[in-house]
Each structure stands twice: as structure tokens, then as C-alpha cells.
Amino acid sequence: MEASEVRRAVEAAGATASALGLQVDDAVVIHNSDRIALRLVPCDVLVRVAPSAHRAGSEFEVEVARRLAEVDGPVAELEPRVEPRVYLRDDFAISFWTYYEPVGSEIAPAHYADALVRHHAALRQVDLGAPHVTERVAGALREVADRERTPALLGPDRELLSNTLSSLSTAIGSGEAREQLLHGEPHPGNLLKTRRGPLFVDLGTCCRGPIEFDLAHAPEEVGEHYSGADPDLIRQCRAVMWALFATWRWRQDDQFPDRQYWRAEGLNRVRAALDR
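Residues numbered from 1 in each chain as written. Predicted model: local features only at pLDDT ≥ 70, side-chain atom pairs only at ≥ 80, totals over all residues. Heavy atoms only, no water.

This part covers the confidence of the model for the protein. Looking at the protein, pLDDT values average 94 and 98% of them are 70 or higher. Within the protein, the lowest mean pLDDT, 90, falls on helix H5 (residues 155–172), and the highest, 98, falls on helix H3 (residues 109–124). (pLDDT = per-residue confidence, 0-100. Helix = DSSP H or I, 4+ residues; strand = E, 2+ residues; numbered from the N terminus.)

In C-alpha cells:
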């Protein structure tokens, strides 16, 4: 979000929290992308604030979190002091979550894999409609094909992304691999190390597909500790994952931090994944 929009989002979150009876003296922005995450003090609540255009995505995330909490999945929980839903204020969609104090920095690959195994087991217990990962790929292909949406993407790079997304998504969507509900983007930034153990956050990316698509987002060593995972499919999924990431960075309206760096780096990661 732009600085002016961040200020409005913080004000909307604070006002909503106060109206719900939570004490708010200050707000600290923890993350800023297409939406922001902030910590309110002294009530010690994590708030996720998105433009109201993303209300459906926020509501989906809240529903996923609620369902997974019922089956004891390793996920961050909604704030218990307020009703578990999305609140609308000043053109923002606002949700309230438990704030977890970080413990240490890295999660060992074996512990990461164990958390993902337990997360997948919990997801298998949840009856929830979610798009297939190939639908996400189809959306990226539309972006790549639309020169007005991705005007700065050069011809060879456009061809690289198009070919990668088209060919490898066919392999992923062939139906040969076992499929289930997935986190969708369980990269290290979405796995918190807490006193309760590793907890997944950012649940709005939930989709259906092979478990290897989730493993492609984790450090490479994690797949070695996940029993039954297909190493070749993980490598294919990693190429698709980086092609998706790179495509989003080349959108004209993308607001990812350091976008120019990640545009080039995303393409480099695609090439490296294909080489492997």
C-alpha cells in the first residue's frame, strides 16, 4: 500500500478495534504489500487490513482459519475477544488475529516438514471449496498474454513465463499425483516460530493440488524430510511457483516491495529451477 493508504488503513483498524472494546494506544506495521498486517498495543492484537475490493479473500481466509482451528491445525488463530469475521470500515476489510511473539529466527527443515505434514492432515479434514492451483496458473497466463497488464515484460521473458506456466501446469494438473487442500504459499515468511511451535499464517492462498506444490515454497531441504513426496514433481512445482511469482511482479499495478529487483530475480529463479 502507498503511504497515504497505509495511514488510512491503520486509522481504520484502530477505530474498529476501539469500537470492539480493545484498548489501542499505538499501532506497529509489521508487513506491507497489497494489504498490511499491524500489531495493536496494548491490547496485543494482530490486524490484517485489505482494501474492500479484497473483502471476499479476507472472508475466505477467516473461514479457513476457523475451520482449521476446529481440527487443531498448526495455524495462527483468530483473536478470541472479538467475533470471528471480517469488519468493514472506510473502504477497508479488517480481520483480527492472535498476536504471537516470535521465538528465534529459523525453523529446522525436519520441524518445518513436520509442521507441513500436520497442516496437510488438518486440511484433509476440512470440507471447503477452493480453486485448483491450475486456476492460479491460468490467471497468470492471462496476465502474461495481456501486454497492457504487463507492458514492461520483454518478448523473450514473456515467452519464458508463458512456456513455463503452460507446459509445467499440464504436468501438475494431470491428476497422476494425489491432490488435496493446500496452504498455497507456505514459504518461510508464512511459518511463524512461536512458543506453541511452528504456526502457518496467510491462509487466504488456500487451493487444491498436489502436496509438492506446497513443498516447492519451502526450503529445498524440507522436501527431504517429507515422507512420500515426489522430488521430481517438487522441482516442477518450484519452476511454476517462481513463474507465478515473477508474473505478479511484472503487473503494472503490482505494489510488492523492491519490485524492480524482484522482477529480474524472479526470472532468474525460473531459469535456475528449469535448469535443475
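This next bit is on the sheet that holds strand E2 (residues 36–42). With antiparallel pairing, the 5 strands of this open sheet are ordered in space as E1-E2-E3-E5-E4. Across the chains shown, the open sheet's two edge strands, defined by having one partner strand only, are strand E1 (24–32) and strand E4 (87–89). Each strand of the sheet is rotated relative to its neighbour by a mean of 30°, with strand direction disregarded. In this structure, E1 lies alongside E2, joined through 7 bridges in antiparallel fashion. Considered in E2, the bridge of Val28 is made with Arg39. The strands that helix H1 (residues 3–19) touches are E1, E2, strand E3 (45–51), E4 and strand E5 (92–98); relative to E5, the one it contacts most, it runs at about 60°. This element, helix H2 (residues 55–70), spans E3, E4 and E5 of the sheet and lies at about 20° to E5. (Pairing = 2+ DSSP bridges. Axes fitted to C-alpha atoms, helices over the stretch in contact; angles between N-to-C directions. Contact = heavy atoms within 4.5 Å.)

With that out of the way, let us pick up the side chain of Asp254. Along the chain, Asp254 falls in the loop between helix H8 (231–249) and helix H9 (259–275). Once residues within four sequence positions are removed from consideration, Asp254 is found in contact with Trp248, Arg249 and Arg259.

Turning to the packing of aromatic side chains, a few remarks are in order. Under the criterion given, the structure shown has 5 aromatic pairs. Judged by centre distance (5.6 Å) and plane angle (90°), the ring pair of Phe245 and Phe256 falls under edge-to-face. Of this pair, Phe245 sits in helix H8 while Phe256 sits in the loop between H8 and H9, and the two are 11 residues apart along the sequence. With a relative accessible area of 27%, Phe256 lands in the partly exposed category. Between Phe245 and Trp262, the aromatic rings sit 5.6 Å apart at their centres with planes inclined by 85°, giving edge-to-face as the arrangement. Placement of Phe245 in helix H8 and of Trp262 in helix H9 is noted, with a sequence separation of 17 residues between them. Residue classification places Trp262 among the partly exposed positions, given a relative accessible area of 22%. Within the aromatic cluster, the residues linked to one another by ring pairs are Trp242, Phe245, Phe256, Tyr261 and Trp262. Over the aromatic face of Phe245 sits the side chain of Arg249, whose NZ or CZ is 4.8 Å from the ring centroid. The ring of Phe256 is capped by Arg249, whose NZ or CZ atom sits 4.2 Å from the centre of that ring. (Phe/Tyr/Trp six-rings, centres within 6.5 Å; stacked < 30°, edge-to-face > 60°. Buried < 20%, exposed > 50% of the residue type's maximum accessible area, 1.4 Å probe, protein only. Lys NZ or Arg CZ within 6 Å of the ring centre and 35° of its normal.)

Let us look at the pairing of E5. The buried fraction of E5 is high, at 7 of 7 residues. Pairing geometry for E3 and E5, over 7 bridges, is antiparallel. Its bridge partner being in E5, Pro51 is matched across the sheet by Phe92. What sits between the antiparallel neighbours E4 and E5 is a turn of 2 residues, in which Asp90 has the positive phi angle 50°.

All right, on to the pattern of salt bridges then. Enumeration over the complete set of coordinates arrives at 23 salt bridges. Between Arg35 and Glu61 there is a salt bridge, with its nearest N and O atoms 3.1 Å apart. Linking Arg35 in the loop between E1 and E2 with Glu61 in helix H2, this pair joins segments that are 26 residues apart in sequence. Accessibility expressed as a relative area gives 16% for Arg35, which makes it buried. With a shortest N-O distance of 3.9 Å, Arg251 and Asp254 are connected by a salt bridge. Exposure remark for Asp254: the relative accessible area of 10% places this residue in the buried category. Beyond isolated ion pairs, a larger network of salt bridges with shared partners links Arg35, Arg48, Glu61 and Asp202. (Salt bridge = Lys/Arg side-chain N within 4 Å of Asp/Glu carboxyl O.)

Here we come to the packing of H8 against H9. What describes two packed helices is the angle between their axes and the distance between those same axes. At their nearest, the axes of H8 and H9 sit 8 Å apart, and the two run at 160° to each other. Judged by the inter-axis angle, H8 sits roughly antiparallel to H9. The handedness of the crossing between H8 and H9 comes out as left-handed. Of the residues in H9, those touching H8 at Arg238, Ala239, Trp242, Ala243, Phe245, Ala246 and Arg249 are Arg259, Trp262, Arg263, Gly266, Leu267, Arg269, Val270, Ala273 and Leu274. Among the residues making up the contact of H8 with H9, the classes are represented as 10 nonpolar, 1 polar and 5 charged. (Parallel < 35°, antiparallel > 145°, perpendicular 65-115°, else oblique. Left-handed = near helix turned anticlockwise from the far one by under 90°. Nonpolar A, V, L, I, M, F, W, Y, C, P; charged D, E, K, R; others polar.)

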